[in-house]
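Tertiary structure, described
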Amino acid sequence: MAQHRKRPWTFYVLASFFTLFVLFLYGPMLAIYILSFQGPTGGLTFPMNGVSLYWFTALFEQQRTGDFAGSFTRSILLALLVMICTVTFSVMAGLAFRRRFFGSTAIFYMAVASLVMPGLFLSLGIGLIFRVIDVPTNWFASALGAQLTWTLPFGLLIMFAVLSRFSRSYEEAARDLGATNRQTLQYVVLPILFPGLIAVALFGFTLSYDEFPRTLLTVGPGNTLPLEIYAMTTTVTSPALYALGTVTTVVSFVAIILSLGSIAIIQWRRGVRFRK
Amino acid sequence: MAQVGGVELANVTKRFGDTLAIDRVSLIVPPGTYCCLLGPSGCGKTTLLRMIAGHEAPTSGDVRIDGQSVVDLPPAKRGTAMMFQSYALFPHLTCLDNVAFNLKVRGVAKAARRKQAHEMLERVQMDSFADRVPAELSGGQQQRIALARSLITNPKVLLLDEPLSALDEFLRLQMRGNLRQMQKEFGITFVHVTHTQMEAIAVADLVVVMDHGKIDQADSARGVFDTPRTTYVARFIGGQNVLGGKVVRVESGAALLEDARGNRFTVPAGDTAPTAGETRYLSIRRDRIEMEKLADPSAARGDAVNSVVGKVWMTEYQGSWVKVSITLPDGEEFVANIDDGTFFANPVREGDTVSARWSAAAVHSLEHRESGFDTSRVGMHA
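Model, not experiment: these values are computed from the prediction.

This paragraph deals with the overall build of chain B. The secondary structure content of chain B amounts to 10 helices and 20 strands. With respect to the principal axes defined by its C-alpha atoms, chain B has extents near 85 × 45 × 40 Å. Per-residue burial for chain B yields a buried fraction of 44% across its 382 residues. Considering only residue pairs separated by 6 or more positions, chain B has 66% of its internal contacts joining residues 24 or more positions apart.

What follows deals with the nonpolar core. Core analysis: the biggest nonpolar cluster contains 138 residues, and B:Val99, B:Ala148, B:Leu159, B:Val191, B:Ala204, B:Val207 and B:Val208 have the highest contact counts within it. Each of domain 1 (7-226) and domain 2 (231-366) of chain B contributes no fewer than three residues to this core. In contact with B:Ala148, not counting residues within four places along its chain, are B:Val99, B:Met120, B:Leu121, B:Val124 and B:Met126. A:Leu35, A:Leu59, A:Leu225 and A:Met232 belong to the second largest nonpolar core, which has 12 residues in total.

Right, let's talk about the sheet that holds strand β9 (residues 206-211) of chain B for a bit. Across a sheet, strands are paired by hydrogen bonds formed along the backbone, either parallel or antiparallel in direction. Residues and elements named next belong to chain B. Pairing is mixed in the open sheet, where 6 strands are placed in the order β6-β7-β8-β3-β9-β10. On the outer flanks of this sheet lie β6 (80-83) and β10 (214-219), each paired with one strand and no other. Along the sheet, successive strands turn relative to each other by an average axial angle of 20°, direction set aside. Sheet analysis places β6 next to strand β7 (residues 157-161), joined by 4 bridges and oriented parallel.

Okay, the confidence of the model for chain B next. Mean pLDDT for chain B: 88, with 94% of residues reaching 70 or above. This model gives residues 373-382 of chain B a pLDDT under 50, and the stretch forms 18 contacts once residues within four places in sequence are excluded.

Residues and elements named next belong to chain B. By the assigned domains, chain B splits into domain 1 (7-226) and domain 2 (231-366). One C-alpha centre belongs to domain 1, the other to domain 2, and the line joining them spans 39 Å. At the junction of the two partners, domain 1 supplies 7 residues and domain 2 supplies 6 residues. When residues of the side of domain 1 that touches domain 2 are traced back to their parent elements, those giving at least two are β9, β10 and α8 (221-226). Grouping the amino acids of the side of domain 1 that touches domain 2 by side-chain chemistry returns 3 nonpolar, 2 polar and 2 charged.

Let's shift gears to the confidence of the model for chain A. As a general rule, the predicted coordinates of low-pLDDT regions are not to be interpreted in detail. Chain-level pLDDT for chain A is 86 on average; 94% of the residues reach the 70-or-more range. The element-level mean pLDDT for chain A is lowest in helix α3 (residues 62-65) of chain A, coming to 56, with helix α8 (residues 169-176) of chain A highest at 94.

All names here are of chain A. Between α8 and helix α9 (residues 181-209), the shortest axis-to-axis distance is 10 Å and the interhelical angle comes to 155°. Between α8 and α9, the crossing angle belongs to the class labelled roughly antiparallel. As α8 runs across α9, the sense of the crossing is right-handed. Within the contact between the two elements, α8 uses Tyr-170, Glu-171, Ala-174 and Arg-175 and α9 uses Thr-184, Val-188, Val-189 and Ile-192. Taken together, the residues that form the contact of α8 with α9 break down as 5 nonpolar, 1 polar and 2 charged.

How each quantity is defined
Residues numbered from 1 in each chain as written. Chains lettered and ligands numbered in written order. Predicted model: local features only at pLDDT ≥ 70, side-chain atom pairs only at ≥ 80, totals over all residues. Helix = DSSP H or I, 4+ residues; strand = E, 2+ residues; numbered from the N terminus. Buried ≥ 20, exposed ≤ 12 C-beta atoms within 10 Å, placed from the backbone. Contact = placed C-beta atoms within 7 Å. Core = buried A, V, L, I, M, F, W, Y, C linked by C-beta atoms within 7 Å. Domains from an automatic or database assignment. Pairing = 2+ DSSP bridges. Axes fitted to C-alpha atoms, helices over the stretch in contact; angles between N-to-C directions. pLDDT = per-residue confidence, 0-100. Nonpolar A, V, L, I, M, F, W, Y, C, P; charged D, E, K, R; others polar. Parallel < 35°, antiparallel > 145°, perpendicular 65-115°, else oblique. Left-handed = near helix turned anticlockwise from the far one by under 90°.

Structure representation (structure tokens):
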């Protein structure tokens, strides 16, 4: 069509609205990232009083800013544990659910129902049970369990999406070529599903890394990072808090970039570059 | 080398829940045969193939390969190899590793299995693609890799599930010749599932025409084309005009039939003696019809035996022949494939009234059996 079309007025309204939304989304975060580089004498608000890495180093001095190093280590370890459990069980469950078996529907709904349960109550309940059976709550026990109630159903749903595009004929071909069940899983099923597994791992890791309500009453004596940050907002009155925000964001970004990057590399190797 | 890979199905039945997929099928495929299982989709041909491969277990009956029952053996222990419909090449492995997969799971050392896989790739002229992954190959190239991957297991029987359906027309013709050549070269049995009549007739020594979980006819390619056993086979394979009529008279080994419009045909008596009043069916090949334009349509009264009169509704030039479609007064379609020289010496046009004749010797007697499937749309030259 040669005729030049004028954009309707609604375009400008929606575009301005979207701009406002983006500002609202990223503006505050950007302010925090910038303020984390505040000079040593600077405060919690603009203007910047010089530029330094002072508050990043301050983070690791426990007495001033709370136990950042400890909670950061706990959160990363917990996130890794959650990730490993989520990937392992989601893959096994996903493969099992391809065939209908007795009670499969009931089990599926039971697994997914924990997504809609309020996290705080779940946390409360798990904390209670641990007290009843007289086992101390801890981040690697009760908190791990509490977080899995959240990440496993997610992982399972992602596996359903991944497996819906996985043809059974790959497994049949492998068996036809003499592979045992273990070899079929090892050499065919898992490698083909690998990009999907990375997606499940990424979800498991990030959901755990910033989980708050399910961890709150199950974490035991040592805080995870989100709980520590929450505690710090009431006690810390220095830009160290902002430095913490910057560090945690960088960790999340690194996790996402590593995952998406490795998926892209795998797909590229499998010749997606040759498809139109 | 003695030929191997005889396949025998003995009274094989397969049910999926309440659905009867295969109904007491018995078949003998001699060693070194190129066999095609042919039928419309849903006729059970793929299920039959998967039961030979061991990816499906028969509900009852026996599957034997070279005389030995294999129903209790896993796919890899049967001496069969299967080529899947979309090839199922492993997308994460190079062509070389795909072909070497069987050797790898059997524990053959890396250098030895690579050497063997390279040799197999050479046999299918794909060695220059060894380091590519399947997504980088065309459909025809993927098929050769799949073939190499199957053949490296030294199968006695190669099972091919619609091996040409993913290819375009040009490649299909080329690859089917290629498959036939490979089968001769390796001297093993091929069982090839297809729904394309021409494909089966072109490559197979033994064509097995299936319908509704049963075998209608297992015969040579020429046998199913030239002497179909039933009305279903004649219509499904195509290239035939199928007619029916009531027996009026029986004389010297032939019966005289009359259809509802008063047309009269002779049909050889066949195995069972015809009795007056019963309905008999016959087929005449489309290329055994002589056609004549009637100058005065009103005078047209097919008095002559072995002829019909109708209106031409379509002529289709096919190169060496012309397909003339004639509508009979009762709406039935009758097709004459006329040699191009004969046609253009005396051409007819759409709307002309013609009389189509054939000799009594061209008539073939059929058993009556119809399919629930619509066979009118799957005629070979349609």
